[in-house]
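Fold and contact review
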Amino acid sequence: NSRGRDGADGLLFPPSSGLEGDPDLQFLLKGGDLLKVLSPSWKKTRYFRLQEDCKTMWRESKKTFKKNDTFSLDDISAVQMGRQSEGLKKNTEEQVEDRCFFIIFKSRRKNLDLIASSEEEAKQWVKSIWTALSDRYLFISTLNHKPSSWILSCLRKADKNKDDNLSPSEVKSFLHLINIEVDDEYMEMLFKKCDKSKSGTLTGEEIKHFYDLLTQRDEIDVIYGEYAKTTGFMSAQNLVDFLMKEQREKATLADAHRIIEMYEPDENAKEKKLLSKDGFLMYLNHPDAMILNPDHKDVYQDMSQPLNHYFISSSHNTYLMEDQLKGPSSTEAYIRALQKGCRCVELDCWDGPDNEPVIYHGYTLTSKILFKDVIKAISEHAFKTSQYPVILSLENHCSVEQQEVMARHMSSILGSALITSPLSDGMPTNFPSPEELKGKFLIKGKRLNKLEDTFAEAAKKLKLAKELSDMVIYFKSVHFNSFEDAQKNLSFYEMASFKEGKAIKLAEESANAYVRHNVEKFSRIYPAGSRTDSSNYNPVPLWNAGCQIVALNFQTPCTDMDVNQGRFLVNGKSGYVLKPAFMRDVATEFDPITLTRGDWLKHKTLHVMVISAQQLPKVSQKKSSIVDPLVKVEVYGVPADVAEKETKPFDNNGLNPSWNENFQFDVYVPELALVRFSIEDYDSISDNDFVGQYTLPFNSLKMGYRHVPLFNKNGNLLPSAGLFVHIMVMDAE
């Protein structure tokens, strides 16, 4: 039966999740029939279920098992009830609304549109998948201390004759699939060592032993051996010593006991309050023990400051999925940006047929989507990742008549969540805070001056509908002339948008004036019009000048988006990061270019030892291709802090390469600095290929021995891959 063959069955690595009684897990493991929707005429029944690795969803379309019949839970961004996806709206009738749900993927893969047999069943699928996506399930795979779903998949591919045994040639194929090249003699030696049955093949526990030998972490052995002073185990006191000396953490025996209780897999050791090497590795692999300070994962900053005192995660041409000339526009582009914590989205609005405004990139071949559908999608998804306010940046090219339609749609769809009057009584003199604006929408756009004798004339001259103008409260779009003019003539709520070239010139030539301008007012930066490929620019120099809304093309994977993701990785991924105090002072002398002396100068020395990496994905799909990884460590920030260093490449090993190379960096303004770890596949002839990266704020680094998770080029977590480093931050002498 094909349904019993696809998982990690007992002959390979038996599943042991400890969650066997969980009803959501059991529902997914059992699976069921769903109607897959591709078009009005193409709706076919498919059997979906979760494989035994608890990470891979499988669907049966025919009586055969095909490669494209699976997808990983790690690839899922969200699952949603109803006919909200573009495909379901177009291809189904309203009466099936309650039975519909759809899966949104992290990559550019199309949504999976599905119909269940009942509303209750649809809700159960959605609930169970959300549960499977939770951190609890993701961490179980670490606690199981078993190969990842990627490894299990490679084992199945290598087992050519499907007999659940691996011959020497199949083992060699397996090694290629997991991205490691082993000398034939060494492989033969390992094979013989594991072939206890002398059968000439490896099966079950023999395969597990072979895998364990391959993934031996010598560096962990050394660290553990330094502190395991109690008959080969770490006592609670040994663990306290490690935490205080190496990890620079305040730790008590109670903390050590808690760690042992949570991570030690051996019940006998746990009873004696001892930590084995396996338990130690499980602890080091837990997200809270990794390089990002766990205290910074949730909202930890003061959210009661005025809105303009924060950097805000912002998107340009949010509606586009690809380029700006002929690429598709989609409501799903808004959903993906909002799920990534974006808090300022752009809407290019044009007159559409039947008096319905549309959104697209004007005068191009990009496709069009209805304005009201975008507002519905934003309303539905705005506050799933972050509760803090969303700014709708309107690029308004509509006639007055269709502007009135826009205003009606926003009013009816967003309702009381739309800010249409100042929060305080009387004329406001400053912005409200993100905390005060939780769950609210703010409109940025043109606004009429409210002088009664000129109001009608102004509306006619500006071709602006009063209903739309009245919705612009805190973000009135104005033209920028100079910092002197802005200081004299602009109110706090009047904000200018700067093309990247103009903004970078101001940030380089008038840095302190730009910083002061942004203490009291807002600045929005957007990419140059010449970037028709939706490429991006480096946001860091603009953040250094205090610019709050530095809008990037979220749809384009690149280093600039990696850095943006790193900036907003912290503070609960709320999309708001508080600017340093020296950028919130109207009299500040801070200049990121000249770095005159002041509170911002806190010279630190960063020591990084790049130790090893684990389970790096193959870059090339060629069977014979093995990655030659090298690691780059970069510091972003003020010009004096910008630096980059890299290791030597490690030949033919993506499974467990090691470097043990040390780097040192001087960081003068740590509050603005970011650190980026990236891994590339070295190529002596052409450019290196990207493997994975992780970027985080300098002040969110944890010291000591730390695992670094890795994101792929789309900014999504590589579930099995990681980097292992040692970090030390010291005050410079």
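Residues numbered from 1 in each chain as written. Predicted model: local features only at pLDDT ≥ 70, side-chain atom pairs only at ≥ 80, totals over all residues. Heavy atoms only, no water.

An unreviewed UniProt entry annotates the chain as Phosphoinositide phospholipase C originating from Oreochromis niloticus. According to the UniProt record, the Catalytic activity (unreviewed entry) comment for the chain reads "a 1,2-diacyl-sn-glycero-3-phospho-(1D-myo-inositol-4,5-bisphosphate) + H2O = 1D-myo-inositol 1,4,5-trisphosphate + a 1,2-diacyl-sn-glycerol + H(+)". (UniProt positions renumbered as here; feature names shortened; annotations may be inferred.)

Re the sheet that holds strand S6 (residues 100–105)
Read across the open sheet, the seven strands follow the order S4-S3-S2-S1-S7-S6-S5; overall the sheet is antiparallel. Sheet topology places strand S4 (70–72) and strand S5 (76–81) at the edges, where each strand pairs with a single neighbour. Taking the axes of each pair of neighbouring strands and ignoring which way they run, one obtains an average angle of 30° across the sheet. Bridge analysis of S5 against S6 gives five bridges, and the strand direction is antiparallel. When the bridges of S6 are listed, Ala78 appears paired with Ile104. Across the sheet, helix H14 (residues 331–339) is in contact with S5 and S6; its angle to S6 comes to roughly 65°. (Pairing = 2+ DSSP bridges. Helix = DSSP H or I, 4+ residues; strand = E, 2+ residues; numbered from the N terminus. Axes fitted to C-alpha atoms, helices over the stretch in contact; angles between N-to-C directions. Contact = heavy atoms within 4.5 Å.)

Let's talk about the environment of Glu508
Locating Glu508 in the fold gives a position in helix H20 (residues 500–509). For Glu508, a relative accessible area of 53% corresponds to the exposed category. Between the C-alpha atom of Glu508 and that of Pro592, which follows or precedes it by 84 residues, the distance is 8.7 Å. (Buried < 20%, exposed > 50% of the residue type's maximum accessible area, 1.4 Å probe, protein only.)

Section: the packing of aromatic side chains
Enumeration according to the criterion identifies 28 aromatic pairs in this entry. Cluster of aromatic residues (ring-pair linked, three or more members): Phe431, Tyr474, Phe475, Phe492, Tyr493 and Phe522. One Lys or Arg, Arg217, reaches over the ring of Phe724 and ends 5.1 Å from the middle of that ring. Lying across the ring of Phe665, Lys645 places its NZ or CZ 5.0 Å from the centre. (Phe/Tyr/Trp six-rings, centres within 6.5 Å; stacked < 30°, edge-to-face > 60°. Lys NZ or Arg CZ within 6 Å of the ring centre and 35° of its normal.)

Brief notes about the pairing of strand S2 (residues 43–50)
Examined bridge by bridge, strand S1 (residues 32–37) and S2 share six bridges and lie antiparallel to one another. Pairing of Gly32 across the sheet is with Phe48, part of S2. A loop of five residues connects S1 with S2, the two strands running antiparallel in sequence. Sheet topology note: the S2/strand S3 (residues 56–60) ladder contains four bridges and is antiparallel. Residue pairing across strands places Leu50 opposite Met57, the latter belonging to S3.

Examining the pattern of salt bridges
Pairing between side chains of opposite charge can happen when the charged atoms of each approach one another. Applying the stated criterion to the full structure yields 24 salt bridges. A salt bridge links Lys297 to Asp288, with the nearest nitrogen and oxygen atoms 3.2 Å apart. Overall, Lys297 belongs to the partly exposed group, its relative accessible area being 27%. Taking the shortest distance from any N to any O, the salt bridge between Arg524 and Glu346 comes out at 3.4 Å. Of this pair, Arg524 sits in strand S20 (residues 523–526) while Glu346 sits in strand S13 (residues 344–350), and the two are 178 residues apart along the sequence. Here Arg524 falls in the buried class, since its relative accessible area comes to 2%. Three or more residues joined by partner-sharing salt bridges are found here, namely Glu249, Lys702 and Arg706. (Salt bridge = Lys/Arg side-chain N within 4 Å of Asp/Glu carboxyl O.)

Quick notes on the side chain of Ser330
Within the fold, Ser330 resides in the loop between strand S12 (310–315) and H14. A polar atom in the side chain of Ser330 sits 2.9 Å from the side chain of Glu86. Within polar-contact distance, the side chain of Ser330 engages the backbone nitrogen of Glu332 at 2.9 Å. The residues touching Ser330, leaving out its near neighbours within four places in the chain, are Glu86, Tyr319, Met321 and Ile369. (Polar contact = N/O pair within 3.5 Å; in protein donor to acceptor, adjacent residues only side chain to side chain.)

Quick look at the domain arrangement of the chain
Bring the parts together and some accessible area is lost; that lost area is often taken as the interface size. Its domain assignment divides the chain into domain 1 (23–137), domain 2 (149–215), domain 3 (218–286), domain 4 (307–583) and domain 5 (604–731). Centre-to-centre separation of domain 1 and domain 5, based on C-alpha positions: 35 Å. (Domains from an automatic or database assignment.)

Topic: the UniProt feature "active site" (unreviewed entry) in the chain
On the UniProt side, "active site" (unreviewed entry) is annotated at positions that read His316 and His361 here. The greatest C-alpha distance among the annotated residues, which extend across 46 residues, is 11.2 Å, indicating that they converge on a single site. Structurally, His316 is set in the loop between S12 and H14. Those residues in contact with His316 that sit more than four places away from it in its chain are Gln324, Glu346, Arg524, Tyr526, Pro527, Ala551, Leu552, Asn553 and Gln555. On the secondary structure map, His361 appears in the loop between strand S14 (358–359) and strand S15 (369–370). In this structure, His361 is in contact with Asn317, Tyr319, Gln324, Asp348 and Thr366, ignoring residues within four places of it in sequence.

Overview of unusual backbone geometry
The bulk of non-glycine residues show a negative phi, and the bulk of peptide bonds are trans. We note that Asp164 has phi near 65°; this positive angle belongs to a residue other than glycine. Along the polypeptide, Asp164 turns up in the loop between helix H5 (149–158) and strand S8 (165–166). Of note in the backbone geometry, Lys573 takes a positive phi value of approximately 50° without being a glycine. Along the chain, Lys573 turns up in the loop between helix H23 (559–567) and strand S22 (576–578).

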